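Structure at a glance
Now for the letters of each chain:
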Amino acid sequence: MTGLPERTEKKLGLVIDLDTCVGCHACVTACKGWNDQGYGAPLSDQNPYGADPSGTFLNRVHSYAVQPTDTAAQIINFPRSCLHCEDAPCVTVCPTGASYKRAEDGIVLVNEAACIGCGLCAWACPYGARELDQAAGVMKKCTLCVDRIYNEALPEADREPACVRTCPTGARHFGDFADPESKVSRLTAEREGFALMPEMGTRPVNRYLPPRKKDRPEEASLLAPLLDIKATGLAGWLDRVLGKI
């Protein structure tokens, strides 16, 4: 079994803005692309173009239709990856010590050379953030692109996780939560960022920013006359045809 550090010098992690995430999956694609060639074994796919495809991903995006009682209906796009918990149960349950949390920056990693693919860490993680790579037979998880954020061969602007670097709406932010003046700390304080499932006692480092309330349907209807713009050309034709369906 592996112990957890009493404290970490840094608390590196992500802030994810659920208000601006559009569910485009650019972060998923960038993560898969970078980690196919970087830290550890490549992320494999099984029968990717067949009837029953599967594969290993370190980051996934789920979309939910939500109907609040006091605002308009919304689609919430919810990215999910390792939260690099301070009390990470995936570390303490590992029988070989393959799972560990770094004291210098708080990143939770897997030593794939010591991993036996038993799956105990995946069972212990309440967030479903670990996946067994079927080809390599080892557990895979988000590394916060540890081989990227410290890579001095890269331009400084690129020394952040691939998912953060590629997000087209700026919904993902990377930084040190141990620094109260960091961007992630300030965003969390200003927008009332929340931890995922705090009742589990894992003390996740990552934070989510809640979606802002949308207009109520009756309020949105007041704006309709101002938005009544007549489309012309092909767009106008499509608008008229689709309006008859």
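Model, not experiment: these values are computed from the prediction.

Calculation notes
Residues numbered from 1 in each chain as written. Predicted model: local features only at pLDDT ≥ 70, side-chain atom pairs only at ≥ 80, totals over all residues. Heavy atoms only, no water. Helix = DSSP H or I, 4+ residues; strand = E, 2+ residues; numbered from the N terminus. Contact = heavy atoms within 4.5 Å. Buried < 20%, exposed > 50% of the residue type's maximum accessible area, 1.4 Å probe, protein only. Pairing = 2+ DSSP bridges. Axes fitted to C-alpha atoms, helices over the stretch in contact; angles between N-to-C directions. Core = buried A, V, L, I, M, F, W, Y, C linked by side-chain atoms within 4.5 Å. Salt bridge = Lys/Arg side-chain N within 4 Å of Asp/Glu carboxyl O.

With respect to the helices, strands and loops of the structure, Gly193 is situated in the loop between helix H6 (183-191) and strand S11 (207-209). Sequence separation between Gly193 and Ile16 is 177 residues, and the spatial gap between their C-alpha atoms is 8.9 Å. Contact partners of Gly193, with chain neighbours within four places excluded, come to Thr188, Arg207, Tyr208, Leu209 and Pro210.

Before going further, it helps to examine the pairing of strand S10 (residues 172-176). The element S10 is largely enclosed, with a buried count of four among its five residues. With five bridges joining them, strand S1 (residues 12-17) and S10 adopt antiparallel strand pairing. Within S10, the position partnered with Leu14 by the bridge is Phe174.

This paragraph deals with the sheet that holds S11. Across the sheet, three strands lie side by side as S10-S1-S11; this open sheet has mixed pairing. Each end of this open sheet is capped by a strand with a single partner; those strands are S10 and S11. On average, each strand axis in the sheet is tilted by 25° relative to the strand beside it, whichever way the strands run.

Now for unusual backbone geometry. Phi is positive for His25, which is not a glycine, with a value near 70°. On the secondary structure map, His25 appears in the loop between S1 and helix H1 (26-35). With phi around 50°, Asn47 is a residue other than glycine that occupies positive phi space. You can see Asn47 is positioned in the loop between strand S2 (45-46) and strand S3 (54-55).

Core analysis: the biggest nonpolar cluster contains 35 residues, and Ile107 and Tyr208 have the highest contact counts within it. Where this core is concerned, the elements lending two or more residues are S1, H1, helix H2 (89-92), strand S7 (108-110), strand S9 (138-140), helix H4 (146-149) and helix H5 (162-166). Contacts of Tyr208, omitting those with residues within four sequence positions, involve Ile16, Leu18, Phe78, Pro79, Arg80, Leu83, Gly193, Phe194 and Leu196. Grouped together as the second largest cluster of nonpolar side chains are six residues, Val15, Phe177, Leu187 and Val205 included.

Attention now goes to H1. The element H1 is extensively covered by neighbouring structure, given that seven of its 10 residues are classed as buried. Within H1, burial applies to Cys27, Val28, Ala30, Cys31, Lys32, Trp34 and Asn35.

Once that is clear, we can look at the pattern of salt bridges. Scanning all chains against the criterion turns up 11 salt bridges. For the salt bridge of Asp19 with Arg212, the shortest nitrogen-to-oxygen distance reads 2.8 Å. Here Arg212 lies in the loop between S11 and helix H7 (217-222) and Asp19 lies in the loop between S1 and H1, a separation of 193 residues in the sequence. Shared partners join several salt bridges into a network, and the residues in it are Lys11, Glu86, Asp87 and Arg203.

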